[in-house]
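Listed below, chain by chain, are the residues.
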Amino acid sequence: MDELIKKLKVEIIEVLNLEDLDIDDIDTEAPLFNEGLGLDSIDALELIVLMEKEYGIKIEDPKKGKEIFYSVKTMSEFITKNQ
Amino acid sequence: MPPKIYVTGIGIISAIGLNVAENFNSLKTLKHGIGKLENFETVHSQTLPCGEIKLNNSQLAEILDISISPDFSRTALLGMIAAREALSNTGLTGSEKLNMGVISATTVGGMDRTEMLCRSITHENRNFIISHVCGDSTEKIADFLDITGFASTISTACSSSINSIMSGAEMIKNNLLDHVIAGGTDTLSKFTLNGFNSLMILDKNHNRPFDKQRNGLNLGEGAAFVVLESEDAVKGREDKILCELTGYANANDAFHQTASSDNGEGAFLAMSNAIEKSSLTVEDIDFINAHGTGTINNDLTEAIAIRRLFGEHDPLFSSTKPFTGHTLGAAGAIEAVFSILSLRNNMIFPNLNFSESMEEMPVTPVTKLMENVIIRNVLSNSFGFGGNDSSLIFSAV
Amino acid sequence: MSVFINGIGAITPQGCFPSEDFLKEMNVFEPGRMSVVEPQYSDFIGPVPLRRMSKIIKMGLTSALMCLNDAQVKKPGAIITATGLGSVEDTDKFLDNLIDDQESFLNPTPFIQSTHNAVAARIAIETGCRNYNMTYVHKNAAFEQALLDAILKINSGEFKNILLGGTEEITEDNYNLKKHVGFWKENVGNSELLKHNTSQGTIAGEGSVFFNLSFEKTGNSYAEVISTKTWYKLPSSLKEALKNFLVSVRLTTEDIDLVLLGINGNVEEDYIYDSAINELFKDTSIAWYKHLSGEYETSASFALLLAARLLKTQNIPEAIKLSNTPLKEVKNVLIYQQRFNRNHSFTLLSKC
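On a predicted model such as this, the values are computed, not experimentally measured, just so you know.

Scoring rules and cut-offs
Residues numbered from 1 in each chain as written. Chains lettered and ligands numbered in written order. Predicted model: local features only at pLDDT ≥ 70, side-chain atom pairs only at ≥ 80, totals over all residues. Helix = DSSP H or I, 4+ residues; strand = E, 2+ residues; numbered from the N terminus. Buried ≥ 20, exposed ≤ 12 C-beta atoms within 10 Å, placed from the backbone. Contact = placed C-beta atoms within 7 Å. Rg over C-alpha atoms; globule rule 2.2 N^0.38 Å. Arc of directions from axis to C-beta. Nonpolar A, V, L, I, M, F, W, Y, C, P; charged D, E, K, R; others polar. Axes fitted to C-alpha atoms, helices over the stretch in contact; angles between N-to-C directions. Left-handed = near helix turned anticlockwise from the far one by under 90°. Domains from an automatic or database assignment. Parallel < 35°, antiparallel > 145°, perpendicular 65-115°, else oblique. Pairing = 2+ DSSP bridges. pLDDT = per-residue confidence, 0-100. Core = buried A, V, L, I, M, F, W, Y, C linked by C-beta atoms within 7 Å. Expected span 1.5 Å × (residues − 1). Right-handed = clockwise from strand over helix to strand, strands pointing away.

S.K.: What is the right way to read the overall build of chain B from this model?
M.R.: Counting its regular elements, chain B contains 12 helices and 12 strands. With the principal axes as the frame, chain B shows a C-alpha extent of 60 × 55 × 40 Å. For chain B, the residues scored as buried account for 63% of the 397 residues in total. In chain B, of all internal contacts separated by at least 6 residues, the share reaching a separation of at least 24 is 79%.

Put into structure tokens, the structure is as follows:
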């Protein structure tokens, strides 16, 4: 597994309190929201905080979150592009 | 027949005035109170506009003619000012105070002091720990006004002070109290400012409810109270009656902790139940003082709920939050006072900053001051986190 | 103006209720905070909502569900809760981060959950209840004021049944904060509380107790709540206030079989109860409860649980007895609590 993808999965589990999961339970390309892990709008906000705190990337418009946080893969691509 | 509930006194302090007359004047002259924070230390003071009352706590204490002490949160001070004004208009004197209660509402409580002092507690300031709780400001108000019988506090986020007014009405309807001072108070705090900021629903510009380009709310601070009395209680003092509280209701959206359901179910239920309780019909509602915070979610769902309920009878509506900001626990009571001013003066205060309707539900609020409008019944909404949705109806007498 | 208690669900320092073992023996705590004995929350709440919840929300929701189960009610008619402080854990967390990170990188979850009505809101979402939903927060009167609201709403015919609850949590930070204002007897455990009643302070507790109230009696009914009243400050004497309360429900002090008092070992508060006992209830059985629940704003909900249960079982736990007055039948129980001579709260229950 790509190092960044691995790191992201650990962080997602921690920040969103997904205590019962480990990194192998999260499919890199599967949707995180609605289906998949069933995350919601508050989780999206938590991920925005993660982006800023861990990666120094500030997301000003919460609506952009939908695309960026679609899957772990899109998140890692976003980080790579913006760092 | 359940007894009628009359309003005999109103009091208010907000970013647009220190009393009813000043607030009324600002509303009429379109003078809003949103701007940069001055009294308040925060990293956001230059970037997040708020409806701040431009007086510090010492100055508030001067208005009250009390000596400032660490025991008094700003929430308590604001509440005492507004409650005193409300009571002063009623013509009530000390002897009746025994069957009088105060029911207040707040979300911040004494957090304004706690957040400043919790890391530097001294012997002198330590009583902030006691004044932290929501009930403390209510007791400060009760003590200041010499009310001893009944003191209660409600906290349901942004609908809090409509709920305290409702609770007051219920106490009177059930003959448990004859007079109730009901309302709410909330101060600006780092806690709430940063809390709403973490939800990304604060506008860096002046809030614009119901507008297509709306981008969030501005926080505000303030307090307002109404004095409710039973029919029997006002006998001989009928000249003090300002209006009648004819309907009220609370419902829950039961959808999400912060967001409203797509079809505004909670809001719809609150409004329709209030109208039903008042024995009025939707056609009888002349004006709605909307919750209208300026957030993407609230304004759309509130508009949808209004359209669902009123259908063809598109009522006149506006949000006064561009004047005062969103005063959280005080909002319901502040907007109740504004609704009563509308009713008494046949005036509708405009929804500032509106230029273009939302695409998904194109509604248009009142955008200019309207005078000489016959207003017999006003509906006022406050919808809070936790899906707590409440509506009040005031009617002319 | 009365209602029936048809279901109870509780998470307390004495264990969970309903349970056969509840108060068979008193749980004894070391000096410091009395914490609740927690159930397996995952038995009641799914993993997706559970992950985000702080203790008070877990406690509140779970005890509410336990109560609905006990009452065999699927969906409450309305939800009324009481709490003095709301979610302390979430409030502390958000405040600490705010100060430590200088107002940046703040997580929204603790802020959202810190509102006082968070428990009531969560129950509404879980049960799909769109009706009346209210939260009272006035210090130690909050629970009785919530109870009064429930009684009025049921008697008006507006709701067939109402879910009523009192919740409170105590955290390490909050406990330490209150040390500064002398709230606690730091070196006294709950079983020793009365031995130290000549000194300042009491013992901290927490809990969540929910009741299903209805105008209808059922096979599961515990007791009938006849009336409740709160006084911010007493109008004249405690004696007069209590007498008037009893007159309002057509009773006299002789009709009261058991008085359950909010004695908490604090010399600055307990003297108020002395006058009540000495003047009015010399010959009545006296009991107390705060050594079992700990002191917290809505601990009257624990008292109501005790009173309701003993009226149903006619069995008075040894642990609560203060006087030796023998009892035949318990028909009427009066609960009285106050804090620092403020927010005097009376509740009367009867056997049903």
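S.K.: Is there a simple way to explain the overall build of chain A in this structure?
M.R.: The secondary structure content of chain A amounts to 4 helices and 0 strands. Counted from the first residue to the last, chain A has its helices and strands arranged as α-α-α-α. For 83 residues, the compact-globule estimate of 2.2 N^0.38 gives 12 Å, and the C-alpha radius of gyration of chain A, at 12 Å, lies within 12% of that figure. Taking the principal axes of its C-alpha atoms as reference, chain A extends roughly 30 × 25 × 20 Å.

S.K.: Looking at this structure, how should I read helix α8 (residues 238-248) of chain C?
M.R.: The periodicity of an α-helix, 3.6 residues per turn, causes residues three or four positions apart to be oriented the same way. Residue and element names in this part refer to chain C. For α8, every residue scored as buried is listed here: L242, F245 and L246. On an axial view of α8, the arc spanned by its buried residues comes to 95°, and they lie on one face. Summarising the geometry of α8, the exposed residues directed more than 90 degrees from the buried face are E240 and V247. R250 lies just past α8 and shows a positive phi near 60°.

S.K.: Even after reading the chapter, I still don't get the interface of chain C and chain B, so can you show me in this structure?
M.R.: In many reports, interface size means the accessible area that the parts give up when they come together. Contacts between chain C and chain B engage 45 residues on the former and 51 residues on the latter. Those elements giving two or more residues to the side of chain C that touches chain B turn out to be α3 (88-100), α4 (108-113), α5 (118-127), β4 (133-136), α6 (142-155), α7 (172-179) and β7 (223-231) of chain C. Ranked by the residues each element gives to the side of chain C that touches chain B, the list is headed by α5(C), at 5 residues. Looking at the side of chain C that touches chain B, its residues break down into 26 nonpolar, 14 polar and 5 charged.

S.K.: Please explain the packing of helix α1 (residues 3-15) of chain A against helix α4 (residues 72-82) of chain A as it appears in this structure.
M.R.: A pair of packed helices is captured by two measures, namely the crossing angle of their axes and the spacing between those axes. Residue and element names in this part refer to chain A. Contact geometry of α1 with α4 gives a least axis separation of 10 Å together with a crossing angle of 115°. As α1 packs across α4, the resulting crossing turns out to be right-handed. Between α1, through L4, I5, L8 and K9, and α4, the contact on the second element is made entirely by V72, M75, S76 and I79. Its residues placed into classes, the contact of α1 with α4 shows 6 nonpolar, 1 polar and 1 charged.

S.K.: Help me understand the domain arrangement of chain B, please; the structure alone is not making it clear to me.
M.R.: All names here are of chain B. Domain boundaries in chain B define domain 1 (5-240) and domain 2 (245-395). Here the C-alpha centroids of domain 1 and domain 2 sit 20 Å apart. Broken down by secondary-structure element, the contributors of at least two residues to the side of domain 1 that touches domain 2 are β1 (5-14), α1 (20-28), β3 (50-51), α7 (160-173), β6 (179-186) and β7 (222-230). In terms of residue count, the dominant contributor to the side of domain 1 that touches domain 2 is α7 (7 residues).

S.K.: I'm lost on unusual backbone geometry in this one. Help?
M.R.: With glycine set apart, most residues show a phi of negative sign, and most peptide bonds adopt trans. In the segment running from F17(C) into P18(C), the intervening peptide bond is cis, with an omega of 10°. Among the structural elements, P18(C) can be located in the loop between β2 (15-17) and α1 (47-50). The backbone phi angle of A254(B) is positive, close to 45°, even though this residue is not glycine. For A254(B), the location among the structural elements is in the loop between β8 (243-252) and α9 (265-277). Under the C-beta neighbour-count criterion, A254(B) is labelled buried, with 23 such atoms within 10 Å.

S.K.: What's the story with the packing of helix α2 (residues 57-64) of chain B against helix α3 (residues 74-88) of chain B in this structure? I'm lost.
M.R.: Residues and elements named next belong to chain B. For the pair α2 and α3, the least separation of the axes is 10 Å and the interaxial angle reads 30°. With respect to their mutual orientation, α2 and α3 come out roughly parallel. Here the hand of the crossing between α2 and α3 comes out left-handed. Where α2 approaches α3, its residues N57, L60, A61, I63 and L64 are matched on the opposing element by R74, L77, L78, M80 and I81. By residue class, the composition of the contact of α2 with α3 is 8 nonpolar, 1 polar and 1 charged.

S.K.: Looking at this model, I keep getting lost on the pairing of strand β12 (residues 388-395) of chain B. Mind explaining?
M.R.: Here is the key point about a regular strand: its side chains alternate between the two faces of the sheet. All names here are of chain B. Judged by how many residues are buried, β12 sits mostly within the fold: 8 of 8 residues are covered. Both faces of β12 are covered, namely the face carrying N388, S390, L392 and F394 and the face carrying D389, S391, I393 and S395. Judged from the 8 bridges that link them, β8 and β12 form a sheet pairing that is antiparallel. From the neighbouring strand, Y248 faces β12, where its bridge partner is L392. As judged from the 8 bridges shared by strand β11 (residues 377-384) and β12, these two strands associate in the antiparallel manner. In the sheet register, G384 faces β12, and the bridge partner there is N388. Between the antiparallel neighbours β11 and β12 lie 3 residues, among them G386 with a positive phi of about 80°.

S.K.: Any chance you could explain the confidence of the model for chain B here in plain terms?
M.R.: Caution is warranted with low-pLDDT regions, since their predicted coordinates should not be read in detail. Mean pLDDT for chain B: 96, with 99% of residues reaching 70 or above. Confidence metrics for the complex model read pTM 0.98 and ipTM 0.98.

S.K.: Help me understand the nonpolar core in this model?
M.R.: The nonpolar side chains of a soluble globular protein tend to be buried, and buried together. Judged by nonpolar contacts, the single largest core of 240 residues is most densely connected at V226(B), V337(B), L260(C) and A307(C). Among the elements that line this core, the one with the most residues is helix α11 (residues 300-313) of chain C, at 10 residues. Excluding residues within four positions of it along the chain, V337(B) makes contact with I10(B), I12(B), V20(B), A224(B) and V226(B). Listed in part, the 8 residues of the second largest apolar core include M34(C), L193(C), I203(C) and Y296(C).

S.K.: Is there a simple way to explain α7(B) in this structure?
M.R.: The end-to-end C-alpha distance of α7(B) is 20 Å, a good match for the 20 Å that 14 residues give at a rise of 1.5 Å each. Among the 14 residues that make up α7(B), 13 are buried, leaving the element largely enclosed by the rest of the structure.

S.K.: Hey, could you run me through the environment of G205(C) in this one?
M.R.: Here G205(C) is to be found in the loop between α7 and β6 (207-214). Separated by 26 residues in the primary sequence, G205(C) and K179(C) have C-alpha atoms spaced 14 Å apart.

S.K.: When you look at the pairing of strand β8 (residues 258-261) of chain C in this model, what are you seeing that I'm missing?
M.R.: Residues and elements named next belong to chain C. Across the two faces of β8 the burial is the same, with L258 and L260 and V259 and L261 all buried. Summarising the sheet, β8 and strand β9 (residues 285-288) pair through 4 bridges and their orientation is parallel. Note that in β9 the partner of L261 across the bridge is W288. Between β8 and its parallel partner β9, the chain crosses via helix α9 (residues 267-280), and the hand of that crossover is right-handed.

S.K.: Sorry if this is basic, but what is going on with the environment of I286(C) here?
M.R.: Residues and elements named next belong to chain C. Mapped onto the secondary structure, I286 falls in strand β9. I286 sits in the buried class, given 20 other C-beta atoms within 10 Å. Measuring from C-alpha to C-alpha, the distance between I286 and D257 comes to 8.8 Å, with 29 residues separating the pair along the chain. Contacts of I286, omitting those with residues within four sequence positions, involve V259, L261, I277, F281, L322 and S323.

S.K.: I tried to follow the environment of L352(B) on my own but got confused; where do I start?
M.R.: Residues and elements named next belong to chain B. One can find L352 in the loop between α12 (331-345) and β11. Exposure remark for L352: the 21 C-beta atoms within 10 Å place this residue in the buried category. Counting along the chain gives 145 residues from L352 to N207, while the straight-line C-alpha distance between them is 8.5 Å. When near neighbours in sequence (up to four residues on either side) are disregarded, L352 contacts L30, H32, P322 and F323.

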